[in-house]
Amino acid sequence: MSDDAQELRWTHQDPDYLPPEIDTSKPSIARVYDAFLGGKDNFAVDRAVAIEGMKHFPDGGEGARQNRAMLFRGVKFLAEQGIDQFLDIGSGLPTMDNTHSVAQRINPDAKVVYVDNDPIVLAHARAILKTNENTRVITADMRNPESIFGHPDVKGFLDFSRPVGLLMVAVVHHLGDEEDPEGLVNTYKARLAPGSYLQLTHFCSCAPEVRDLEGVLLAMLGTGRARDLPEIVGFFDGLELVEPGVVHLPEWKPDQEVTYPLTLGGICIAGGMGRKS
Ligand code: SAM
């Protein structure tokens, strides 16, 4: 079936149609995250993980929403600094707002490449992005940086001799320690031109309750590792941290007054932004 025909069936015309590459027999990270966000692009097997997670950590949905909100505050900040090209790794399913819409509201010429290793992201995004010539989406695995930098939709589209906004938002915690997440993030940072930024958020073991949610995710999804704050700060080594540094997400350039104490949803993910000089 052609991409166009598949897209027509996948979007509105045939609600029962599933592209063959979508496996609904086991949960997927992108769809479980969508379930936590209250989205509709998930299946029973994904909702089962979110439901079990919420039993142990009722603020799980709030954590996902805080993460998404910080992603957009970061993209807006970057676009306002003049960043006009974005590489969004582990971009997730498109939802109400997305990196390209936030960036292109500020600069309609801003270029965005979405990268995710889950083919469902491409299946959804293809339809949404069909008319947006400044946005691309590719299926690739961040553990293989060359498959991303060498991809024709990245290589021929983004100019890495100029500053780029590299987004690794809620994705590095899907790497095990044995996969050397710090080394991998360093590989990406090394490819960035001076003036580029890294925005990164990560599941944080800042409260003991987060360990319960981590336990559910590792058992049911096989991934989703909480790390402590110094480890998360370490991902920004060699970069100049943008104020206020690596913090709980509601505290990162808030657009409304922050209420204390923070909820568990507010502290279960930490993150920040660093600039390469
Ligand atoms: N960045 C989005 C956000 O913060 O709203 C989505 C985050 S979602 C929790 C994590 C995404 O990373 C999922 O869509 C998942 O498929 C993707 N992902 C996980 N491991 C990946 C890998 N090795 N390479 C590329 N994408 C990956």
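Described in the following lines is the structure provided in the data block. Owing to the predicted nature of the structure, the values given are computational and were not obtained by experimental measurement. (Residues numbered from 1 in each chain as written. Predicted model: local features only at pLDDT ≥ 70, side-chain atom pairs only at ≥ 80, totals over all residues. Heavy atoms only, no water.)

Within the secondary structure, Asn42 sits in the loop between helix H2 (29–36) and helix H3 (44–56). Polar contacts involving the side chain of Asn42 include one to the main-chain carbonyl oxygen of Gly39, which spans 3.0 Å. Within polar-contact distance, the side chain of Asn42 engages the side chain of Arg47 at 2.8 Å. For Asn42, the contacting residues outside a window of four places in its chain are Arg31, Asp34, Ala35 and Arg47. (Helix = DSSP H or I, 4+ residues; strand = E, 2+ residues; numbered from the N terminus. Polar contact = N/O pair within 3.5 Å; in protein donor to acceptor, adjacent residues only side chain to side chain. Contact = heavy atoms within 4.5 Å.)

A full pass over the atoms with the stated rule returns 1 disulfide. A sulfur-sulfur separation of 2.0 Å characterises the disulfide bridge that pairs Cys204 with Cys206. Note on the Cys204 and Cys206 pair: the S-S dihedral is about 70°, so by sign convention the disulfide is right-handed. There is no disulfide at Cys268, and the cysteine sulfur nearest it, in Cys204, is 8.7 Å away. (Disulfide = S-S within 2.5 Å.)

Burial in helix H9 (residues 181–190) covers these residues: Pro181, Leu184, Val185, Tyr188 and Lys189. Along H9, the residues classed as buried sweep out an arc of 145° about the axis, all on the same side. In this structure, the buried side of H9 is in contact with strand S1 (85–89), helix H7 (145–149), strand S4 (165–169), strand S5 (197–203) and helix H11 (229–234). (Buried < 20%, exposed > 50% of the residue type's maximum accessible area, 1.4 Å probe, protein only. Arc of directions from axis to C-beta.)

Turning our eyes to something else, we now look at the nonpolar core. Judged by nonpolar contacts, the single largest core of 49 residues is most densely connected at Leu78 and Phe86. When residues in this core are grouped by element, the largest group, 8 residues, is from helix H4 (residues 60–80). Residues in contact with Leu78, not counting those within four places in the same chain, are Ile83, Phe86, Gly165, Leu167, Tyr197 and Met273. By size, the runner-up hydrophobic cluster in this structure holds 31 residues, among which are Val115, Val154, Phe157 and Leu158. (Core = buried A, V, L, I, M, F, W, Y, C linked by side-chain atoms within 4.5 Å.)

Attention shifts here to the site of the ligand. Near the ligand, the surroundings consist of 18 residues, among which Tyr33, Asn67, Arg68, Gly90 and Asp116 are the closest. In the environment of the ligand, an oxygen atom lies 2.8 Å from a nitrogen or oxygen atom belonging to the side chain of Asn67. For the ligand, a nitrogen atom lies 2.8 Å from a polar atom in the side chain of Asp141. Bound to the protein, the ligand loses 97% of the 600 Å² it would expose on its own. Elements with a contribution of two residues or more to the shell around the ligand: H2 and H4. Per element, the largest residue contribution to the shell around the ligand is 3 residues, and it comes from H2. Considered class by class, the residues forming the shell around the ligand number 8 nonpolar, 5 polar and 5 charged. (Near = heavy atom within 4 Å. Areas by Shrake-Rupley, 256 points an atom, 1.4 Å probe, with all protein chains shown as cover. Nonpolar A, V, L, I, M, F, W, Y, C, P; charged D, E, K, R; others polar.)

Side chains bearing opposite charge may pair, as long as their charged atoms lie close to each other. The tally for this structure, following the rule as stated, stands at 15 salt bridges. Between Lys26 and Asp23 there is a salt bridge; the shortest N-O distance is 3.0 Å. Across the pair Arg227 and Asp177 runs a salt bridge whose closest N-O atoms are separated by 2.8 Å. Of this pair, Arg227 sits in the loop between helix H10 (208–220) and H11 while Asp177 sits in the loop between S4 and H9; the two residues are 50 residues apart in sequence, bridging distant segments of the chain. (Salt bridge = Lys/Arg side-chain N within 4 Å of Asp/Glu carboxyl O.)

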